[in-house]
Amino acid sequence: MIKVQDQLFNIIAGQFSLILGVHHGYVTVKHLGGAIDEYRQSNPLVEKDHAFSGGPYSDDRTYSPDTQRHVVGQLGRSDFRQPSVIIEHHQNQVTDFKFESAEVLKEFDGPKGLPMPRLTAESEILHLQLIDEVASLKLHLYYVTYPEYSTIGQFTKIENIGDETVNVHKLLSAMIDLPNGQYDLMTLQGYYGMERKVVRQPLQQGLIEIGSIRGSSGHGQTPALILLDHLTQEEYGEALSLQLMYSGNFEAFAQTNQLGELRLGIGINETQFSYDLAPGASFDTPFVIYQHTYQGLNALTQLSHQFIQAQVLPQPHQYQLRPILINNWEATYFDFNSKKLKAIAKQAAEVGIELFVLDDGWFGKRQNDLSSLGDWVVNTEKLGGELSELIDYVHDLGLQFGLWIEPEMISEDSDLYRQHPDWVIQVPGRSHTYSRSQLVLNLANPEVVSYLKATFDELLANHKIDYIKWDSNRNISDVGNGSTYLDTMKQSHQYVLGLYELASYLTNKYPNILFESCSGGGGRNDLGMMAYFDQTWTSDNTDAIERLNIQYGSSMLFPAIHMGAHVSAAPNHQMKRMTSLNTRGHVAMMGNLGYELDITSMTEAQLMKVSQQVATYKTIRPVIQLGKQVRLMNPLDSSNQPQNYTAVQHYNDETVVLTVVKVLSTMEKMEPVVKLKHLELNADYQLVGKEHIIYSGAELMYAGISLNFPPGDFVSQQWVFKRIK
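Fair warning: this is a prediction, and the values are worked out from it, not measured in the lab.

Calculation notes
Residues numbered from 1 in each chain as written. Predicted model: local features only at pLDDT ≥ 70, side-chain atom pairs only at ≥ 80, totals over all residues. Heavy atoms only, no water. Helix = DSSP H or I, 4+ residues; strand = E, 2+ residues; numbered from the N terminus. Rg over C-alpha atoms; globule rule 2.2 N^0.38 Å. Buried < 20%, exposed > 50% of the residue type's maximum accessible area, 1.4 Å probe, protein only. Contact = heavy atoms within 4.5 Å. Areas by Shrake-Rupley, 256 points an atom, 1.4 Å probe, with all protein chains shown as cover. Lys, Arg positive; Asp, Glu negative; His and termini not counted. Charge placed at Lys NZ, Arg CZ, Asp CG, Glu CD. Expected span 1.5 Å × (residues − 1). Bend = angle between axes of the 7 residues up to and from the residue. Axes fitted to C-alpha atoms, helices over the stretch in contact; angles between N-to-C directions. Parallel < 35°, antiparallel > 145°, perpendicular 65-115°, else oblique. Left-handed = near helix turned anticlockwise from the far one by under 90°. Nonpolar A, V, L, I, M, F, W, Y, C, P; charged D, E, K, R; others polar. Salt bridge = Lys/Arg side-chain N within 4 Å of Asp/Glu carboxyl O. UniProt positions renumbered as here; feature names shortened; annotations may be inferred. Phe/Tyr/Trp six-rings, centres within 6.5 Å; stacked < 30°, edge-to-face > 60°. Lys NZ or Arg CZ within 6 Å of the ring centre and 35° of its normal. Pairing = 2+ DSSP bridges. Right-handed = clockwise from strand over helix to strand, strands pointing away.

Visitor: I would appreciate a short explanation of the overall build of the protein in the present structure.
Guide: Across its full length, the protein holds 13 helices and 38 strands. Taking 725 residues into account, the globule formula puts the C-alpha radius of gyration at 27 Å, and the protein, at 27 Å, falls close to it. Reported as C-alpha extents along the three principal axes, the dimensions of the protein are approximately 85 × 70 × 45 Å. Put simply, the protein has 725 residues, and 61% of those count as buried. Put simply, 69% of the contacts in the protein that link residues at least 6 apart link residues at least 24 apart. As displayed, the protein offers around 27800 Å² of accessible surface, 48% of which is attributable to carbon and sulfur atoms. Distance between charge centroids for the protein: 5 Å, based on 55 positive and 82 negative side chains.

Right, here's the structure in full:
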């Protein structure tokens, strides 16, 4: 619901309100938080004469743009905080956007060429139009409500209404100013093999900024901010999240000024970015979603999970159970033939696995990572025949068939490079920069995108493929393909638009194929990719103990149905750690279960254990992938200190799954008790496999379950309870 009264705009989405007003011509923030049906301005900003905060009136020192709570941060008119918009026009960058008009819409097109969440039946759009008459520019702010999910979305459009070309150097998707408070900022950071590590820090005067200039969102930063009251924990306290729906260079910041007021901003990174706008032209930013709760981090998590699954993940797969897969990569790497692949598939089928995925090395002359990217022609010699023959064999076993591709990349040793060296992202006159021995195709070039559409169209149209793993194994450097400086400054964003165009084309044309996004694991795990890809390979690090932290951070915002999690070999190939098959299975079952090991070398006892894991997961899969999740014991505490236990609860109305992992053995110390959440107090819950054990919901929540692990490191337990009344 959007209420407009004079120049007051109450954007209500379920339990969440964003209230904006107009003050001295500027759009300002009146309230962000719990829903307020009738707002009567009990909390006006108290204006005082603040030294060195200038204003437009010589006879009134109490008003200054520097002390107001804005939704647009502008340069040059005495707001000295981080700007959200920088536009070069005439001979300066000063802008002064003031309110012109407002309208409420039921539908609109959204940001051009960019993904956005699907509207719901109850969605409304508030369109605020601001104008700078001196600069001859209009700024359009779009706010979208999703009342069913207590979610508000936003994007921004700049329009040139003048007679001269202007250059946009910065335009954030969203910015908002908030009152002085005791805030913590949570971000999801890390590195390759340890993505989305939770970092929580108190906000003090100054600037905290995260971002990426890697051409993708990157392993090191996730394009999201989580703002917390300093006292907020999992089950109580105020929490606000901003998530950017974009897969390229981004920036996000939290700035506390000298008055204690807070500014949050998120959008495209201004580094290597400029966009020239001719008269009449416009530019749209990526979409941002806001979510808010007073019930703590777990409540914010569930809001995000439910919204992403319902409105962001592609149809028709968002509520379809994901198959249990086996991927040959860590079993064979590049060293495989038809006999080996068929043996893996046959053994996988015998233990109940549902999908066989052929990873890198099936095309061109690719025997290692030095060649053939771009030559998407089946290597019949290596496969011992056509790809279709292997697919038929796998299908005859009762398995689905999946295939690895890396459309955006090219090897210097490839026929495609020899034919089109100009298609590579490069700076004229400079040597290439290599990563994994490969280069990047320039998806900012429409000719390249058209070629890739045709190439993969032919592959998918002529083969009965059920699943695609779309990889991207390097970041982008040497951006310099433009014919002018400004053309080059547009290239990084145009690359992302080309990527979305290609992904949209293939996923829409082949809606029955399950598409997985991968970028060396979680190097491009963001809402932009989620709009096209049904799931993500969470991390190349398959070690179960490292995955506890990775999956903990991922769970903050992203649903389990989107999180690929595999059982790999012991010792693990990345960490060389020995972990039991039991623990590896329990950790992987907290996401989309898969296997990535040489199943043909396993003992009979190990195969029996895998078969049991697969059978168990099939019974709990609806709970993991479609139910709710609660973090009970975290691998990191609120001070980012490692903890010895991780406990996660997945549940729906009928079933509860509790998984607990203990990292290191302890001597003498008593084991803790883990208490479940959100059960029916008076309902009875029966322990599966031990039907004589029945507890009430009240007992499981208030008394809890005593842990009793055997001696040793890296041990785990899993409990499944069925509600019986």
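Visitor: Explain helix α8 (residues 485-509) here, please?
Guide: Because an α-helix packs 3.6 residues into every turn, residues spaced three or four apart end up facing the same way. Counted at 1.5 Å a residue, the expected span for α8 with its 25 residues is 36 Å, and the 36 Å between its end C-alpha atoms agrees. At Gln-491, α8 is bent by approximately 45°, the largest bend along its length.

Visitor: Where do I start with the packing of helix α11 (residues 581-588) against helix α12 (residues 604-626) in this structure?
Guide: A pair of packed helices can be characterised by two numbers: the angle between their axes and the separation between those axes. Two elements in contact, α11 and α12, have axes separated by 11 Å at closest approach and are oriented at 20°. Here α11 is positioned roughly parallel relative to α12, judged by the angle of their axes. Crossing of α11 over α12 shows right-handed handedness. Facing α11, whose interface residues are Leu-581, Asn-582 and Gly-585, α12 presents Gln-606, Lys-609, Val-610 and Gln-613. Among the residues making up the contact of α11 with α12, the classes are represented as two nonpolar, four polar and one charged.

Visitor: Sorry if this is basic, but what is going on with the side chain of Arg-584 here?
Guide: Along the chain, Arg-584 turns up in helix α11. Although Arg-584 lies buried, it forms no salt bridge, and the closest oppositely charged side chain, Asp-543, sits 7.9 Å away as judged by the N-O distance. With near-sequence residues (within four places) excluded, Arg-584 lies in contact with Ala-544, Val-567, Ser-568, Ala-569, Ala-570, Thr-579 and Leu-597.

Visitor: Before we go on, may I ask you to explain the UniProt feature "domain: Glycosyl hydrolase family 36 N-terminal" (unreviewed entry) in the protein in this structure?
Guide: The sites that UniProt annotates as "domain: Glycosyl hydrolase family 36 N-terminal" (unreviewed entry) are residues 25-278. Helix makes up 0% of residues 25-278 and strand 46%, and the two end C-alpha atoms of the span are 27 Å apart.

Visitor: It is not clear to me how the packing of aromatic side chains should be interpreted in this structure. Could you clarify?
Guide: The description of two aromatic rings rests on the distance between their centres and on the angle between their planes. Counting across every chain of the model gives 26 aromatic pairs. An angle of 10° between the planes, with centres 4.8 Å apart, marks the rings of Tyr-142 and Phe-155 as stacked. Of this pair, Tyr-142 sits in strand β8 (residues 137-146) while Phe-155 sits in strand β9 (residues 151-160); the two residues are 13 residues apart in sequence, bridging distant segments of the chain. Across this residue pair, the class does not change: Tyr-142 and Phe-155 are buried. In textbook terms, an aromatic cluster arises when at least three aromatic residues are bridged by ring pairs, as seen for Trp-362, Phe-363, Trp-376, Trp-404 and Phe-456. The ring of Tyr-393 has Lys-342 sitting right over it, with the charged end atom 5.1 Å from the ring centre.

Visitor: What is the right way to look at the UniProt feature "domain: Glycosyl hydrolase family 36 C-terminal" (unreviewed entry) in the protein in this model?
Guide: On the UniProt side, "domain: Glycosyl hydrolase family 36 C-terminal" (unreviewed entry) is annotated at positions that read residues 652-721 here. When the span residues 652-721 is considered, its composition is 10% helix and 37% strand, and the gap between its end C-alpha atoms is 11 Å.

Visitor: Looking at this structure, how should I read the pattern of salt bridges?
Guide: Oppositely charged side chains can pair when the atoms bearing their charge come close. Under the defined criterion, the tally for this structure stands at 32 salt bridges. Arg-81 is the partner of Asp-79 in a salt bridge, and the nearest nitrogen-oxygen pair spans 3.0 Å. Judged by its relative accessible area of 7%, Asp-79 falls in the buried class. For Arg-81, a relative accessible area of 5% corresponds to the buried category. Each of the salt bridges in this network shares a partner with another, and the network as a whole consists of Asp-79, Arg-81, Asp-177 and Arg-263.

Visitor: Help me understand unusual backbone geometry, please; the structure alone is not making it clear to me.
Guide: When glycine is set aside, most residues are seen to have a negative phi, and most peptide bonds are trans. Cis rather than trans, the peptide bond between Gln-315 and Pro-316 has omega equal to 10°. Position of Pro-316 relative to the elements: it lies in the loop between α1 (297-312) and β21 (325-327). Omega for the peptide link from Ala-570 to Pro-571 comes to 0°, which places this bond in the cis form. In this model, Asp-478 sits at a positive phi of 55°, which is unusual for a non-glycine residue. Topologically, Asp-478 is positioned in the loop between β26 (467-470) and α8. Asp-478 gets classed as partly exposed once you look at its relative accessible area, which sits at 21%. Of note in the backbone geometry, Lys-576 takes a positive phi value of approximately 60° without being a glycine. The topology assignment puts Lys-576 in the loop between β29 (563-568) and α11.

Visitor: Honestly, the packing of helix α10 (residues 544-555) against α11 in this entry has me stumped. Any pointers?
Guide: Interhelical geometry of α10 versus α11 gives an angle of 15° and a closest axis separation of 9 Å. Relative to α11, the element α10 is oriented roughly parallel. Of the two elements, α10 crosses α11, and the hand of that crossing is left-handed. Residues Ala-544, Arg-547, Leu-548 and Gln-551 of α10 touch α11, and the partners they reach there are Thr-583, Arg-584 and Val-587. The residue inventory of the contact of α10 with α11, partitioned by class, reads three nonpolar, two polar and two charged.

Visitor: I would appreciate a short explanation of the pairing of strand β27 (residues 514-517) in the present structure.
Guide: Each regular strand shows side chains that alternate between the opposite faces of the sheet. Alternating positions in β27 separate into two faces, Leu-514 and Glu-516 on one and Phe-515 and Ser-517 on the other, with burial throughout. Note: β26 against β27, four bridges, orientation parallel. Bridge pairing links Ile-468 to Phe-515 in β27. For the handedness criterion, the β-α-β arrangement of β26, α8 and β27 is classed as right-handed. Bridging between β27 and strand β28 (residues 535-537) involves two bridges; their strand directions are parallel. Residue Ser-517 lies in a different strand from β28, and its bridge partner there is Thr-536.

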